[in-house]
Amino acid sequence: MSVTLIDMVFPGDANHHGTLFGGVGLAHLDKVAFLAAARHARRHTVTAGCERIDFAAPARIGEMVEATGRVVRVGRSSMGVEVELRAEAPVSGERRLCTRGVFNMVAPREAGQGDLPPVPVDDTAPEDGWLRAAEMVFPAWTNHYGTLYGGDALKLMGKAAFICATRRARAVMVMAASNRIDFSSPIREGDMVELASRATRLGRTSVTIEVELWAEGLLTGERRRSAAAEFVMVAVDEAGRPKTICSPATALETA
């Protein structure tokens, strides 16, 4: 199954041209290649190298970038992961392919382990209304217990709410409120996290977004819902005033 990472291009990720620095783009691609390969192998996995990486178009400050990786080739202990990075203009929705390539990943066999499973046959993402994006929990994000720091979990969920609301409204969105935030299970260092978000209510100027944060052990495949939240996002104009995104006749509640 493919793995997708969605992020924003902030000034700290850009070069002096105002576009995504190539090294940051490669880091996104290496991360999704690792997640896709480790999820497939359920073993310790490392990057062995990459084949030709083509940079076709820039991603600009303020745009969203979507990195996708999927396993396309499997050997006895190695995998080829096809990766793509696409940029998306938040308001217009215009998308373009920025970078494409193949990463070669290795999952060495340990005692008692056989060859890797074959290439997955069905790579179709579920059409259930949720926008899904993955991340990896590195040591810098963890507290003294070795679990994901609550502030970083909130940052991840807030970003997911922003991206989901922007795609739904195609407007400049800001966070107006968090209606609820519930933490139910710790997320450990080395876990993959999946952020699932969807719009549940659409008002004249606001969108209510439900976000679930799932943790997955890459070696075991065990999944658990670790947090859930609801955010209210508001559309604003250039002066920062609330902006109408739908008429009263089209305002709806989907929850």
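Our subject is the structure that appears above.
Computed from a predicted structure; not experimentally measured.

Q: Sorry, what's going on with the nonpolar core here?
A: Inside soluble globular proteins, nonpolar side chains tend to come together where they are buried. Core analysis: the biggest nonpolar cluster contains 32 residues, and Met-157, Met-173, Ile-209, Val-211 and Leu-213 have the highest contact counts within it. Secondary structure elements with two or more residues in this core: β1 (3–8), β7 (131–136), α2 (150–169), β9 (192–202), β10 (206–216) and β11 (223–235). Look past the residues within four positions of Val-211 in its chain and what remains in contact with it is Met-157, Ala-160, Ala-161, Leu-195, Ala-196, Ser-197, Ala-227, Ala-228, Ala-229 and Phe-231. Membership of the second largest hydrophobic core comes to 31 residues, among which are Leu-20, Leu-35, Leu-85 and Ala-87.

Q: So what exactly am I meant to see when it comes to the state of the cysteines here?
A: Each disulfide consists of a covalent bond between the sulfur atoms of two cysteine residues. Here the structure, examined in full by the defined rule, presents zero disulfides. With no disulfide of its own, Cys-50 lies closest to Cys-98 among cysteine sulfurs, the gap being 17 Å. A relative accessible area of 45% means that Cys-50 is categorised as partly exposed.

Q: How should I be thinking about unusual backbone geometry in this particular structure?
A: Where the residue is not glycine, phi is negative for most of them; where a peptide bond is considered, it is trans in most cases. If you check the backbone angles, Arg-42 has positive phi at about 55° while not being a glycine. Looking at the secondary structure, you find Arg-42 in the loop between α1 (22–41) and β2 (46–50). For Arg-42, a relative accessible area of 28% puts it in the partly exposed group. Positive phi, close to 50°, is recorded for Arg-170, a residue that is not glycine. Among the structural elements, Arg-170 can be located in the loop between α2 and β8 (173–183). Note on Arg-170: relative accessible area 28%, which makes it partly exposed.

Cut-off values and rules
- Residues numbered from 1 in each chain as written.
- Predicted model: local features only at pLDDT ≥ 70, side-chain atom pairs only at ≥ 80, totals over all residues.
- Heavy atoms only, no water.
- Core = buried A, V, L, I, M, F, W, Y, C linked by side-chain atoms within 4.5 Å.
- Buried < 20%, exposed > 50% of the residue type's maximum accessible area, 1.4 Å probe, protein only.
- Helix = DSSP H or I, 4+ residues; strand = E, 2+ residues; numbered from the N terminus.
- Contact = heavy atoms within 4.5 Å.
- Disulfide = S-S within 2.5 Å.

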